[in-house]
Each structure stands twice: as C-alpha cells, then as structure tokens.
Amino acid sequence: QLQASGGGLVQAGDSLKLSCAASGRTFSNYAMGWFRQAPGKEREFVSAITWSGGTTYYADSVKGRFTISRDNAKNTVYLQMNSLKPEDTAVYYCAARTGIRTRESGSYDYWGQGTQVTVSS
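This one's a predicted model, so the numbers in the text were calculated from it and none came from an experiment.

**Q** So what's going on with empty space enclosed by the protein? Residues and values would help.
**A** Inspection of the entire model under this criterion finds one cavity of 30 Å³ or more. If you add up the space inside the largest cavity, you get close to 40 Å³. As for the largest cavity, its lining consists of Cys-20, Phe-27, Met-32, Arg-70, Asp-71, Asn-72, Asn-75, Thr-76 and Val-77. Taken together, the elements giving at least two residues each to the lining of the largest cavity come down to strand S7 (66-71) and strand S8 (76-81). Residue composition of the lining of the largest cavity, grouped by class: four nonpolar, three polar and two charged.

Here is the structure:
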C-alpha cells in the first residue's frame, strides 16, 4: 500500500514536499513515479526514480523545479516541488513501476490514493 501526503493550498512561487510512504510491502526494489491529474485532464507523468535512486526522470513542465528522491530505509519516496505555478494544481499520485515504460502510467501497478495540490495565483 502506498500513502501519499504533503499536499495543500499554496501561492504561486511557494514550495511543497510530497511524501509517499509504503506499507505492507517493501518497494525498495521498485522504480517509483509521481503522476498528477488535473480536473478534466488525463493523468500525466511528473517524475520517476529508479530503485537505487541513481537515475531520475522529469516531465519537461517540471524540470528544474521539482526534485524526486527516495529513502529506501524508510520505504518512502519524496517529491520536492519548488516555484509552484497555478498549472501545477492537480491531484498527485505516487506509484510503483513493474513495467518497462517509465513515463507511462500503464507500467505502474501499485498506486497511492493521491494528495491534492492547489496553487493559487
């Protein structure tokens, strides 16, 4: 089970740090990802990290502003979000990847419940 937390209501330019804590299963051997879904839009890839943390991936829209990291000892993945923009408003989901396509939601079999991020202008 994956539990995402850390969302909230912030102003443009602010920062938030999302956490994704795993329980009931060890996800340290899984690549992990963050996706987001805004109202009326499809779920989109945000960021991902390999099981070791050695390689990270970002959507162009968040590159340079967001940083993904993980602490396998704590079974937790993080998403540090800086310089937030109103267009970052969405429900953010963490997920564990079992497939081969890092940026596609279909490659992820285990999903958290999502945490709402709202950025006001």
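Additional details are given in the paragraphs that follow.
**Q** Can you break down the packing of aromatic side chains residue by residue, with the values?
**A** Tallied over the entire structure, the rule returns eight aromatic pairs. Measuring from ring centre to ring centre gives 5.6 Å for Phe-35 and Phe-45, while their planes differ by 75°; the resulting arrangement is edge-to-face. With a gap of ten residues between them, Phe-35 in strand S4 (residues 31-37) and Phe-45 in strand S5 (residues 44-49) connect regions that are remote in the sequence. For Phe-35, a relative accessible area of 1% corresponds to the buried category. Taking the centre distance of 6.1 Å and the plane angle of 55° together, the rings of Tyr-108 and Trp-111 count as tilted. On the basis of relative accessibility, which here comes to 3%, the residue Tyr-108 falls in the buried class. The structure contains a cluster of three or more aromatic residues connected by ring pairs, namely Phe-35, Phe-45, Tyr-93, Tyr-108 and Trp-111. In this structure, Arg-43 is placed above the aromatic ring of Tyr-93, and the distance from its NZ or CZ to the ring centre is 4.0 Å. Positioned above the aromatic ring of Trp-111 is the side chain of Arg-43, whose terminal nitrogen or guanidinium carbon lies 4.7 Å from the ring centre.

**Q** Break down the state of the cysteines for me, with residues and values.
**A** Disulfide: a covalent bond formed between the sulfur atoms of two cysteine residues. Tallied over the entire structure, the rule returns one disulfide. Covalently, Cys-20 is tied to Cys-94 through a disulfide, its sulfur atoms 2.1 Å apart. The S-S bond linking Cys-20 to Cys-94 shows a torsion near 65°; that makes this disulfide right-handed. Placement of the pair is Cys-20 in strand S3 (residues 16-22) and Cys-94 in strand S9 (residues 90-97), with a sequence separation of 74 residues. With respect to class, Cys-20 is no different from Cys-94; both count as buried.

**Q** Tell me about the sheet that holds S7, and please be specific about residues and values.
**A** With antiparallel pairing, the four strands of this open sheet are ordered in space as S1-S3-S8-S7. Pairing within the sheet leaves two strands with one partner each, and these edge strands are strand S1 (2-5) and S7. Averaged over all neighbouring strand pairs, the angle between strand axes comes to 15°, with direction disregarded.

What counts and what doesn't
- Residues numbered from 1 in each chain as written.
- Predicted model: local features only at pLDDT ≥ 70, side-chain atom pairs only at ≥ 80, totals over all residues.
- Heavy atoms only, no water.
- 1 Å grid on protein atoms, 1.4 Å probe; cavity = no way out; pocket = protein on both sides within 12 Å on 5 of 7 lines; lining within 4 Å.
- Points joined across faces, edges and corners; volume = space filled by probe spheres on them.
- Helix = DSSP H or I, 4+ residues; strand = E, 2+ residues; numbered from the N terminus.
- Nonpolar A, V, L, I, M, F, W, Y, C, P; charged D, E, K, R; others polar.
- Phe/Tyr/Trp six-rings, centres within 6.5 Å; stacked < 30°, edge-to-face > 60°.
- Buried < 20%, exposed > 50% of the residue type's maximum accessible area, 1.4 Å probe, protein only.
- Lys NZ or Arg CZ within 6 Å of the ring centre and 35° of its normal.
- Disulfide = S-S within 2.5 Å.
- Pairing = 2+ DSSP bridges.
- Axes fitted to C-alpha atoms, helices over the stretch in contact; angles between N-to-C directions.

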